[in-house]
Amino acid sequence: MKRAGCLLLSLVAVAPLATAAVYLLSPDDDPAPHARTTASAPAHPGNQSEAERKADDKAIASLPPGLAAPRKKDLAQQIVASAENSTLNWRGQYGYIEDIDDGQGYTAGIIGFCTGTHDLLTLVERYTKAHPDNGLARYLPALRKVDGTDSHKGLDPGFTAAWKQEATRKAFQDTQEKERDRGYFDPAVRLAKLDGLGTLGQFIYYDAMVLHGPGTGPHGFYGVREAALKEADTPSQGGKEKAYLDIFLDLRRKAMKAKNPDRDTTRIDTAQRQFLYDGNLSLKAPLTWKVYGETFHIPG
């Protein structure tokens, strides 16, 4: 399978808060400057007080669902799968597992949980807590030892087969989706809404969270966003949505190339930027895009 990259976690200190205001969104999920409410847009969720989080929750509750609407969320996962696994069938990826030689160990599941980046370990730990007799539980000691490395020690030769077998169980499929939402989808969409972004912008944040990981370093999601804020205002700060997202995508591309100058960036160049330049801020189907030269289409 073709894959653009794996989740990267940063352990650097959390960046300071960035204050912003959030626009209420119109029914078609585009920013509506006439309806504005004050809220904080944190550089990282860990920086928020309980009062700030409750204020943000109240503001977000008044907004349209955007990318969180079931059909939009499914569409988003299809687009991510086109870049991660060269398919629109994201539900067929629960049992996907391989080492793609990117230094992150095994990459597995619907968004590429990795043995070297802590999220796969967290997934198996949470799953085992709810289902102690699962076929992956016996690998937990090895997963803890290889966490943060590309090592397979203690995992070979049985871990990949155990993963594929466990992935046939609905309970494990549900756990993968819950971990995707908890660690990646929900925080990305939440912050995009606080930044005043419509459905396309919410997707761009989500895809960035998946690819770059929730890190605060220069190559992590929060680090890329912080860099973008230095160059442009978000819509909630009074900036233009297209201009801000264009800069955000530029910085995403730069972060990808910084790690590997030969890295394919078509998930940005001929997919997300195409949607942006087409003015499709609501991410409405039909959609046609290319990743790695392969054309994908979602009908209206």
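If you're wondering where the values come from, they're calculated on a predicted model, not measured in any experiment.

## Thoughts on empty space enclosed by the protein
Phase 1 of the analysis: Enumeration over the complete set of coordinates arrives at two cavities of 30 Å³ or more.
Phase 2 of the analysis: As a volume, the second largest cavity reaches approximately 30 Å³.
Phase 3 of the analysis: Breaking the lining of the second largest cavity down by element, the ones donating at least two residues are helix 2 (70–84), helix 7 (199–212), helix 10 (266–277) and strand 6 (287–291).

## A word on the confidence of the model for the protein chain
Phase 1 of the analysis: Scored by pLDDT, the protein chain comes out at a mean of 88, with 85% of its residues at no less than 70.
Phase 2 of the analysis: Note on residues 1–40: pLDDT under 50 across the span, and 151 contacts to partners over four residues away in sequence or across chains.

## Focus on the sheet that holds strand 5 (residues 113–114)
Phase 1 of the analysis: In spatial order, the strands read 3-4-5; together these three strands make up an open sheet with antiparallel pairing. Two strands bound the open sheet, and with one partner strand each, they are strand 3 (97–99) and strand 5.
Phase 2 of the analysis: Sheet topology note: the strand 4 (residues 106–108)/strand 5 ladder contains two bridges and is antiparallel. Across the sheet, the residue bridging to Ala-108 is Phe-113, located in strand 5.
Phase 3 of the analysis: Contacts between helix 5 (residues 159–166) and the sheet are confined to strand 3 and strand 4, with strand 3 contributing the most and set at about 155 degrees to the helix.

## Thoughts on helix 8 (residues 221–229)
Phase 1 of the analysis: In terms of burial, helix 8 is a largely internal element, eight of the nine residues being buried.
Phase 2 of the analysis: Three or more residues of helix 8 are buried, namely Phe-221, Tyr-222, Gly-223, Val-224, Arg-225, Glu-226, Ala-228 and Leu-229.

## Here's the deal with helix 7
At 3.6 residues per turn, the α-helix brings residues three or four places apart onto the same side.
Phase 1 of the analysis: Given a rise of 1.5 Å per residue, 14 residues ought to cover 20 Å, and the 20 Å separating the end C-alpha atoms of helix 7 matches this to within 8%.
Phase 2 of the analysis: Phi for Gly-213, located one or two positions after helix 7, is positive at around 80 degrees.

## So, the pattern of salt bridges
Phase 1 of the analysis: Evaluated as defined, the whole model comprises 18 salt bridges.
Phase 2 of the analysis: One salt bridge in this structure joins Lys-73 and Asp-181, with 2.8 Å as the shortest N-O distance. Within this pair, whereas Lys-73 is found in helix 2, its partner Asp-181 is found in helix 6 (residues 170–194), the two being separated by 108 residues in sequence.
Phase 3 of the analysis: Between Arg-144 and Glu-125 there is a salt bridge, with its nearest N and O atoms 3.1 Å apart. Highlighted residues: Arg-144 in helix 4 (residues 140–146) and Glu-125 in helix 3 (residues 119–130), separated in sequence by 19 residues.
Phase 4 of the analysis: Judged by its relative accessible area of 28%, Glu-125 falls in the partly exposed class.

## Description of the nonpolar core
Phase 1 of the analysis: Core analysis: the biggest nonpolar cluster contains 74 residues, and Phe-159, Trp-163 and Tyr-206 have the highest contact counts within it.
Phase 2 of the analysis: At nine residues, helix 7 tops the list of elements feeding residues into this core.
Phase 3 of the analysis: Among all residues touching Trp-163, those that are not within four sequence positions of it are Tyr-94, Gly-95, Tyr-96, Ile-97, Ala-108, Gly-109, Leu-120, Leu-123, Val-124, Leu-136, Phe-172 and Gln-176.

## Overview of unusual backbone geometry
Phase 1 of the analysis: With an omega of 5 degrees, the peptide bond running from Asp-156 to Pro-157 counts as cis.
Phase 2 of the analysis: Examined against the element boundaries, Pro-157 turns out to sit in the loop between helix 4 and helix 5.
Phase 3 of the analysis: In this model, Leu-283 sits at a positive phi of 50 degrees, which is unusual for a non-glycine residue.
Phase 4 of the analysis: Following the sequence through the fold, Leu-283 ends up in the loop between helix 10 and strand 6.
Phase 5 of the analysis: Notably, Tyr-292 is not glycine yet its phi reads approximately 55 degrees, a positive angle.
Phase 6 of the analysis: Position of Tyr-292 relative to the elements: it lies in the loop between strand 6 and strand 7 (294–298).

## Regarding the packing of aromatic side chains
Phase 1 of the analysis: Counted by the stated rule, this structure contains 14 aromatic pairs.
Phase 2 of the analysis: Taking 6.3 Å as the distance between ring centres and 65 degrees as the angle between the ring planes, the aromatic pair formed by Phe-221 and Phe-248 counts as edge-to-face. Highlighted residues: Phe-221 in helix 8 and Phe-248 in helix 9 (residues 241–259), separated in sequence by 27 residues.
Phase 3 of the analysis: In this structure an aromatic cluster arises from ring pairing among Tyr-106, Tyr-127, Tyr-139, Phe-159, Trp-163 and Phe-172.

Cut-offs and rules
- Residues numbered from 1 in each chain as written.
- Predicted model: local features only at pLDDT ≥ 70, side-chain atom pairs only at ≥ 80, totals over all residues.
- Heavy atoms only, no water.
- 1 Å grid on protein atoms, 1.4 Å probe; cavity = no way out; pocket = protein on both sides within 12 Å on 5 of 7 lines; lining within 4 Å.
- Points joined across faces, edges and corners; volume = space filled by probe spheres on them.
- Helix = DSSP H or I, 4+ residues; strand = E, 2+ residues; numbered from the N terminus.
- pLDDT = per-residue confidence, 0-100.
- Contact = heavy atoms within 4.5 Å.
- Pairing = 2+ DSSP bridges.
- Axes fitted to C-alpha atoms, helices over the stretch in contact; angles between N-to-C directions.
- Buried < 20%, exposed > 50% of the residue type's maximum accessible area, 1.4 Å probe, protein only.
- Expected span 1.5 Å × (residues − 1).
- Salt bridge = Lys/Arg side-chain N within 4 Å of Asp/Glu carboxyl O.
- Core = buried A, V, L, I, M, F, W, Y, C linked by side-chain atoms within 4.5 Å.
- Phe/Tyr/Trp six-rings, centres within 6.5 Å; stacked < 30°, edge-to-face > 60°.

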